[in-house]
Amino acid sequence: MQTLKPITFETVLSMVKQLSLTDQIRLLEWIARQVKQTLSQTFQQTSSVEMPTGVSGKQLLQFAGLIPPDELQQISQAIETDCARIDFDEW
């Protein structure tokens, strides 16, 4: 049995670049339709879930300033570094 090698983003990109501009546009339009359909289905599935009610901003003001600025900077940096990362194999 032959083991399939995973296709990398670079491989897909080089294949797309070989398409004509018209075909690249068609591909992007197809991808956009697929993403829209998937998001629509996901939204429909999750919209029936009742979300908990939050609290007002006034109630949260009591916590303002409790986290030291250097810790806020570390949190911001961690979010920017880790949340901006895209794992193409995740799907």
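Rules used throughout
Residues numbered from 1 in each chain as written. Predicted model: local features only at pLDDT ≥ 70, side-chain atom pairs only at ≥ 80, totals over all residues. Heavy atoms only, no water. Helix = DSSP H or I, 4+ residues; strand = E, 2+ residues; numbered from the N terminus. Buried < 20%, exposed > 50% of the residue type's maximum accessible area, 1.4 Å probe, protein only. Areas by Shrake-Rupley, 256 points an atom, 1.4 Å probe, with all protein chains shown as cover. Patch = residues over 30% accessible without salt bridge, like charges linked within 9 Å, V, L, I, M, F, W, Y side chains within 5 Å. Salt bridge = Lys/Arg side-chain N within 4 Å of Asp/Glu carboxyl O.

Draft legend 1. Spotlight on the overall build of the protein chain. Regarding its fold elements, the protein chain presents four helices and zero strands. Secondary structure elements in the protein chain, listed N-terminal to C-terminal, are α-α-α-α. The buried share among the 91 residues of the protein chain stands at 0%. For the protein chain, the accessible surface area stands at approximately 9300 Å², while carbon and sulfur atoms represent 61% of it.

Draft legend 2. Inspection of a nonpolar patch on the surface at higher detail. On the surface, V55, L60, F63, L66, I67, L72, I75 and I79 cluster together into a nonpolar patch covering about 750 Å² of accessible area. The element contributing the most residues to the nonpolar patch is helix α4 (residues 69–83), with three residues. You can see I67 is positioned in the loop between α3 (57–60) and α4. Given a relative accessible area of 41%, I67 falls into the partly exposed group.

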